[in-house]
Amino acid sequence: QPAVSQALLEFLDDFSKVETNPVCCDHRVAGLMRAMRAESLLVRQHVQGGGGGLLGAGGGAGAGLTVDRETGEDARRIILELEKRLRAAERGRDDAVRNEELKQGRAADFQDRFAAAIQGQELMHDRLISSEEEHLRACEGLVEVQQEHAEVKDEMSELQYKDNLMLLVLEQEVADIQVVEKQRHNQAEELQAALERENEACRALRGGLEELRAGAEGAEG
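Draft legend 1. Quick look at the overall build of the protein chain. The secondary structure content of the protein chain amounts to 3 helices and 0 strands. Long-range contacts, defined here as pairs at least 24 residues apart, represent 94% of the contacts in the protein chain between residues at least 6 apart. Accessible area for the protein chain stands at about 18300 Å²; split by element, carbon and sulfur atoms hold 56% of it.

Draft legend 2. Highlighting a nonpolar patch on the surface. On the surface, a cluster of nonpolar side chains totalling about 410 Å² of accessible area is made up of Y161, L165, L168 and V169. Mapped onto the fold, L165 is located in helix α3 (residues 62–220).

Draft legend 3. Main features of a negative patch on the surface. On the surface, E140, E144, E148, E151, D154 and E155 cluster together into a negatively charged patch. On the secondary structure map, E144 appears in helix α3.

Draft legend 4. Seen up close, the pattern of salt bridges. Here the structure, examined in full by the defined rule, presents 4 salt bridges. As a salt-bridge pair, R98 and D95 come within 2.1 Å of each other at their nearest N and O atoms. Taken together, the residues span about one helical turn, with R98 and D95 both in helix α3 at a distance of 3 residues. Under the relative-accessibility criterion, R98 is labelled partly exposed at 47%. A salt bridge links E158 to K162; its shortest N-O distance comes to 3.8 Å. Taken as a pair, E158 and K162 lie in helix α3 at a separation of 4 residues, close to a single helical turn.

Draft legend 5. Region of interest: the confidence of the model for the protein chain. Of the residues in the protein chain, 69% have a pLDDT of 70 or more, and the chain-wide mean is 76. Per-element mean pLDDT across the protein chain ranges from 60 in helix α2 (residues 27–56) up to 83 in α3. Every residue in residues 51–65 is under pLDDT 50, and counting partners more than four places away or in other chains gives 3 contacts.

Reading the values: rules and limits
Residues numbered from 1 in each chain as written. Predicted model: local features only at pLDDT ≥ 70, side-chain atom pairs only at ≥ 80, totals over all residues. Heavy atoms only, no water. Helix = DSSP H or I, 4+ residues; strand = E, 2+ residues; numbered from the N terminus. Contact = heavy atoms within 4.5 Å. Areas by Shrake-Rupley, 256 points an atom, 1.4 Å probe, with all protein chains shown as cover. Patch = residues over 30% accessible without salt bridge, like charges linked within 9 Å, V, L, I, M, F, W, Y side chains within 5 Å. Salt bridge = Lys/Arg side-chain N within 4 Å of Asp/Glu carboxyl O. Lys, Arg positive; Asp, Glu negative; His and termini not counted. Charge placed at Lys NZ, Arg CZ, Asp CG, Glu CD. Buried < 20%, exposed > 50% of the residue type's maximum accessible area, 1.4 Å probe, protein only. pLDDT = per-residue confidence, 0-100.

Next up, the structure:
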């Protein structure tokens, strides 16, 4: 198996060991919430205690009443601000939890995709090995065919050499026969010429013999 696939498998094995521990409730946020609630409760008690004192005093002085009203308004503003901060902290906590869940879902999806990619790569690797094996078998068959072709070519070359050698021998024999035939033809012509000369000589002898006979017969008569 290639080194890349081995490295990916090792990475996947290490990635599968990663454990997440989502925090549903952040203690810092919870402590801030408790502090805000406690502060809000103290302010409410202070406001309620200040208002009760005013009612029990039977009206009090005008300056004291103005101070108590300003204190109550400041307390209400503080309470509202604390409540806003508390709601913002709760929204931040909810957003953090949702983000953590979203990250966990993405991590799981990434892990599934990564595992599917590894499986696809292994399948592709197996197909590549099968293709290489088929290519190797085809190359072996091609080599065998080439060897057979070379053997047949060598046999044909040897047969052609033998044929050429035999043709040369036959041509030499034909040339020898032609030479002998020519010699015989020349000898026949020479014999024919000699025979004609002998015939001429015979005819000349015959003419002479006939003349001798004629002369002999004339002498006897």
